[in-house]
Amino acid sequence: MAEKETPAIILQFAPLNSSVDEGFWHSFSSLKLDKLGIDDSPISITGFYGPCGHPQVSNHLTLLSESLPLDEQSLIASTSHGNRNKCPVPGILYNTNTVESFNKLDKQSLLKAEANKIWEDIQSGKALEDPSVLSRFLVISFADLKKWSFRYWFAFPAFVLDPPVSLIELKPASEYFSSEEAESVSAACNDWRDSDLTTDVPFFLVSVSSDSKASIRHLKDLEACQGDHQKLLFGFYDPCHLPSNPGWPLRNYLALIRSRWNLETVWFFCYRESRGFADLNLSLVGQASITLSSGESAETVPNSVGWELNKGKRVPRSISLANSMDPTRLAVSAVDLNLKLMRWRALPSLNLNVLSSVKCLLLGAGTLGCQVARTLMGWGIRNITFVDYGKVAMSNPVRQSLYNFEDCLGRGEFKAVAAVKSLKQIFPAMETSGVVMAIPMPGHPISSQEEDSVLGDCKRLSELIESHDAVFLLTDTRESRWLPSLLCANANKIAINAALGFDSYMVMRHGAGPTSLSDDMQNLDINKTNTQRLGCYFCNDVVAPQDSMTDRTLDQQCTVTRPGLAPIAGALAVELLVGVLQHPLGINAKGDNSSLSNTGNNDDSPLGILPHQIRGSVSQFSQITLLGQASNSCTACSETVISEYRERGNSFILEAINHPTYLEDLTGLTELKKAANSFNLDWEDDDTDDDDVAVDL
């Protein structure tokens, strides 16, 4: 009676598991928002794994922040070496822009495409030069950057050999090697792992000579060690801890061996460690049969498998980082999201770095100041300083959005202080401060005892303007805007002015300082721009700013306006600033007029036209843009005034404050008014009867 054949034992491989560090998702989110936008092209990435280092825990293939590409142009992952705990493995990431696209991905085709790449590397010999390609992987993902949630699915393509790999023998390495061989193999493995040149090479050859001396070589050296050994094993870093199953990387390793060298029986070495050193009690040595089926060629591409299971099911994994993130960091990311999304389609050239770094000084923390501050925050501007001398009154919170009822209690909180507190509550990442200070004004004479205090305020205001990039003039009175206008022109700072009437508003940007006094304007070469300097708030005045507060009824003392004006004017003021910051000429940008611009697009500014003045009326629901040039007789920004200020300093300011006609005398406005008053119109008296006049319409 014939003896029955023992059925072959099919070699069972332990699957490779994935792990994604939170840093990877943070880095990918930045890459997606800042560079990729809606581009969903595949991205080359790098995964990392190492040999198992614990008898009860397998190692995972891990994605870290450095897994993403360093090359912004080609989006090619870094090829830098890993270390003993981080062997780099090439991978590819397919990220979709919608969850629907994620669900519709042809997963089988993607897996097959990556498996074909591995097979091509085997056939070309690349796998011998860089064995890490045998563990090539792919990831599909969808990133919901609004909710900080990520859906993803790993695949580790592995070939299904036909016939299946048969296991002949499997035992701990300590039982396979003699004591002398085991000692030599351990030493050789430790040397391989300690070398910077080989520590991240996960596939290798182990040869043991007849004198029990072990050596480790690269796969490409197989022919060189033929006949020079008593034992030859194909070794690999095994991430699996199981005592009866080799890890997933062995699958493609055996496919390489069968295809490249036509071996039918091989000894393999599953290298594992304990506390960073070779552990032959955990490591495995096995013998496998990898014969070809009849009629099959070694070059035939095998089928492949490899989609990772999630708790035993073929479904993707998901993770939400919102709950684990620092609330302030989460707020920063959320605030930046809208701005970065603008660059995906609408404004690819938008310079967000300019916006995030600009420092804004708000003179006035009332109705306009609150609206401007909120809109600045929306544009990602983080550095805001308030200057105001008033306190929060009971009538303020309903119109001034940064204050609430508690700010009014007692004698009321200073607005500059309450505004800072409110911004911090709205967005903790704000860098904001408040200065309680009155702004010295012409037409409001002071006594000699007050001079030191007033001049101290002037010096402090000058220092504030010098230390900021943009200044908003949002005070209640006309004369309180004079000194800031002068100081901005002197320092060549961006100045944005907003003023309200009962049902009308005016928003404007001041031009640069006088050309002859500004180094920036001289360096610009103003002739090439073919533009004149834009005027300031006072350039159209024929009188110096005067006291507008004395002898006024209650409705004249308060800013009585329709409630809808401040949000409109405040928003336009900020939009003007953003337009200036995005314009290549900055403060020196010419003024555009909407009546002369049919398209609303401007080649110089990505945001459209950049007007000088905007005037609107809610009673007519109308808005126009105006253009005004700087006046040589301006009491605030003319060369005469700036030169006098630079020459005389404090004495000039005191004279402007105490003598109402001084600025008019200095700039020639006094003579201009005299000439205008002395000019008489002589009307020619003809005898034409009114009834005989023909009017040509």
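Higher on the page you've got the structure.
Remember, predicted model here, so these are calculated numbers, not experimental data.

**With respect to the overall build of the protein**
In terms of regular secondary structure, the protein is built from 21 helices and 25 strands. Residues counted as buried form 50% of the 697 residues belonging to the protein. Of the contacts made within the protein by residues no fewer than 6 positions apart, 72% connect residues no fewer than 24 positions apart. Accessible surface, the protein: about 33,900 Å² in total, of which carbon and sulfur atoms supply 48%.

**A look at the pattern of salt bridges**
Any two side chains of opposite charge can pair, given that their charged atoms come close. Under the definition given, this model contains 15 salt bridges. Ionic pairing is found between Glu114 and Lys117, a salt bridge with its closest N-O pair at 3.0 Å. Linking Glu114 with Lys117, this pair stays in helix 3 (residues 107–124), spanning three residues, or about one helical turn. With a closest N to O distance of 2.7 Å, Arg478 and Asp541 form a salt bridge. Residue Arg478 is located in the loop between strand 21 (470–473) and helix 13 (482–491), and its partner Asp541 is located in the loop between helix 15 (526–529) and helix 16 (554–557); the two are separated by 63 residues in the primary sequence.

**Let's talk about helix 19 (residues 650–658)**
Within helix 19, the full set of buried residues consists of Phe652, Ile653, Leu654, Ala656 and Ile657. Looking at the buried positions of helix 19, the neighbouring elements they touch are helix 12 (451–466), helix 13, helix 18 (639–648) and helix 20 (662–667).

**Details of unusual backbone geometry**
Generally, phi is negative for residues other than glycine and the peptide bonds are trans, each holding for most cases. Look at the link from Asp162 to Pro163: it is a cis peptide, with omega at 0°. Here Pro163 shows up in the loop between strand 7 (149–160) and strand 8 (166–172). Positive phi is not limited to glycine here, since Asn262 has a value of about 55°. On the secondary structure map, Asn262 appears in the loop between helix 7 (249–261) and strand 12 (265–271). Taking relative accessible area as the criterion, Asn262 reaches 52% and is therefore assigned exposed. Positive phi outside glycine occurs at Phe621, with the angle close to 50°. Within the secondary structure, Phe621 is located in the loop between strand 24 (613–617) and strand 25 (622–626). Phe621 gets classed as exposed once you look at its relative accessible area, which sits at 74%.

**So, the packing of helix 18 against helix 19**
Here helix 18 crosses helix 19 at 125°, and the two axes come no closer than 6 Å. It follows that helix 18 is oblique to helix 19 by the angle criterion. For the pair helix 18 and helix 19, contact is made by Val641, Glu644, Tyr645 and Arg648 and by Asn650, Ser651, Phe652, Ile653 and Glu655, respectively. When grouped by side-chain class, the residues that make up the contact of helix 18 with helix 19 number four nonpolar, two polar and three charged.

**Considering the sheet that holds strand 22 (residues 494–500)**
In space, the eight strands of this open sheet follow the order 20-19-18-21-22-23-24-25, with mixed pairing throughout. The open sheet terminates on both sides in strands that have one partner only, identified here as strand 20 (431–436) and strand 25. Going across the sheet, the axis of each strand differs from the next one's by a mean of 15°, ignoring polarity. Pairing geometry for strand 24 and strand 25, over five bridges, is antiparallel. Paired with Ser617 across the strands is Ser622, a residue of strand 25.

**Details of the sheet that holds strand 9 (residues 203–208)**
Where strands meet in a sheet, backbone hydrogen bonds hold them as pairs that are either parallel or antiparallel. Pairing within the open sheet is mixed, and its seven strands lie in the order 1-8-15-12-11-9-10. The open sheet terminates on both sides in strands that have one partner only, identified here as strand 1 (9–10) and strand 10 (214–217). Note: strand 11 (residues 231–237) against strand 12, four bridges, orientation parallel. In the sheet register, Tyr237 faces strand 12, and the bridge partner there is Tyr271. Running over the sheet, helix 6 (residues 179–194) touches strand 9, strand 10, strand 11 and strand 12 and is turned about 30° from strand 10.

Reading the values: the criteria
- Residues numbered from 1 in each chain as written.
- Predicted model: local features only at pLDDT ≥ 70, side-chain atom pairs only at ≥ 80, totals over all residues.
- Heavy atoms only, no water.
- Helix = DSSP H or I, 4+ residues; strand = E, 2+ residues; numbered from the N terminus.
- Buried < 20%, exposed > 50% of the residue type's maximum accessible area, 1.4 Å probe, protein only.
- Contact = heavy atoms within 4.5 Å.
- Areas by Shrake-Rupley, 256 points an atom, 1.4 Å probe, with all protein chains shown as cover.
- Salt bridge = Lys/Arg side-chain N within 4 Å of Asp/Glu carboxyl O.
- Axes fitted to C-alpha atoms, helices over the stretch in contact; angles between N-to-C directions.
- Parallel < 35°, antiparallel > 145°, perpendicular 65-115°, else oblique.
- Nonpolar A, V, L, I, M, F, W, Y, C, P; charged D, E, K, R; others polar.
- Pairing = 2+ DSSP bridges.

Functional significance is not addressed by these values, which are geometric in nature.
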